[in-house]
Amino acid sequence: MQAIPSRNSEVRGHGSPAPAVTRASAVLDALAQSVTGRLTLSDLARELGIPKSSTSNLLQALEDAELITRVGSDYALGVKLVELGAAYLSRRDEVREFYRFCEAAPLLKGETVRIAMLDGENVIYLARYEGHPAVRLTSNIGDKMPVSLCAVGKALIAKLHDHDLDRLYPDESALPVLTPKSLRTGAELKAEIAAIRAQGYAFEDEESTLGVVSLGVAVPTRGSHGPSLGVSVTALQATFSDVQRSAMVQELVELSKMLGNPMG
């Protein structure tokens, strides 16, 4: 487990009108700064400079609020932070730029376009633009989707190291299935990665919804520990063409460069 520098003098809560809040914030900061994204009870008690019993009570309260989650004997940041972050992002200029870009883009303005974040073996949708698409999607901000079932998820895991892919998706591992075209094993998923890396985008061919295809592109990030973000667009398979694919990918790439990870 990664050692973390102690900031006891800063996080004990001395002089704070709400010491528990100060300590809770310190827990979230420590988890965010951890290289692995995970810390043990002992690590966090040492970081806070308080007994394990008191730390355990604090962690339980944070877990109940879904601000952190337990991964085996470790703790990691929780999904609730994404929901709070999405509410914050919806008020940021960068997300407003996302909507303005989509409204002006020749093709994207008439489709459903989304920003998603990689969260383990899922993506979580952070923002959605909906023009006047033939494909109506019901997923909302904060919803999750397994990476193997969506183009943006596949585009994001293509950025991972091969050893991380092997750990997450052993060849024989079973994947979630929604349609007859869904990928079924880790081996099938990893077989697509080389093509995704070479062409710079991912394609989902009716793998989550019959009759619907999707294109996904990863957003450039600042630094190796920035959030993994991506953008995607959907289209009807019956009217989808190579010309449309090329034009949509170009617009998605432009969108991803415009975002340039201001949300990181």
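Refer to the structure printed above.
Computed from a prediction, not measured in an experiment: that's the story for all the values here.

About the cut-offs
- Residues numbered from 1 in each chain as written.
- Predicted model: local features only at pLDDT ≥ 70, side-chain atom pairs only at ≥ 80, totals over all residues.
- Heavy atoms only, no water.
- Helix = DSSP H or I, 4+ residues; strand = E, 2+ residues; numbered from the N terminus.
- Buried < 20%, exposed > 50% of the residue type's maximum accessible area, 1.4 Å probe, protein only.
- Contact = heavy atoms within 4.5 Å.
- Areas by Shrake-Rupley, 256 points an atom, 1.4 Å probe, with all protein chains shown as cover.
- Phe/Tyr/Trp six-rings, centres within 6.5 Å; stacked < 30°, edge-to-face > 60°.
- Lys NZ or Arg CZ within 6 Å of the ring centre and 35° of its normal.
- Pairing = 2+ DSSP bridges.
- Axes fitted to C-alpha atoms, helices over the stretch in contact; angles between N-to-C directions.

### Notes on the overall build of the chain
Looking only at helices and strands, the chain has ten helices and nine strands in total. Every one of the 264 residues in the chain was classed for burial, and the buried ones make up 44%. Sequence separation of 24 or more characterises 57% of the internal contacts of the chain that already satisfy a separation of 6 or more. Accessible area for the chain stands at about 12900 Å²; split by element, carbon and sulfur atoms hold 53% of it.

### Here's the deal with the packing of aromatic side chains
Tallied over the full model, the rule gives two aromatic pairs. Where F203 meets F240, the ring centres are 5.8 Å apart and the plane angle is 15 degrees; that geometry is what we call stacked. With a gap of 37 residues between them, F203 in strand 7 (residues 202-205) and F240 in the loop between strand 9 (229-236) and helix 10 (242-259) connect regions that are remote in the sequence. Taking relative accessible area as the criterion, F203 reaches 18% and is therefore assigned buried. Over the aromatic face of Y125 sits the side chain of R114, whose NZ or CZ is 4.1 Å from the ring centroid. Across from the ring centre of F203, 4.3 Å away, lies the NZ or CZ of R245, which sits over that ring.

### A short note on the sheet that holds strand 5 (residues 122-130)
Taken in spatial order, the six strands line up as 6-5-4-9-8-7 in an open sheet, and their pairing is antiparallel. A strand with exactly one partner marks an edge of an open sheet, and here the two such strands are strand 6 (144-146) and strand 7. Each adjacent strand pair in this sheet contributes to an overall mean axis angle of 30 degrees, direction not counted. Across eight bridges, the pairing between strand 4 (residues 112-119) and strand 5 is antiparallel. When the sheet's bridge partners are listed, I115 is paired in strand 5 with A127. On the sheet, helix 10 packs against strand 4, strand 7, strand 8 (212-218) and strand 9 and is oriented at approximately 155 degrees with respect to strand 9.

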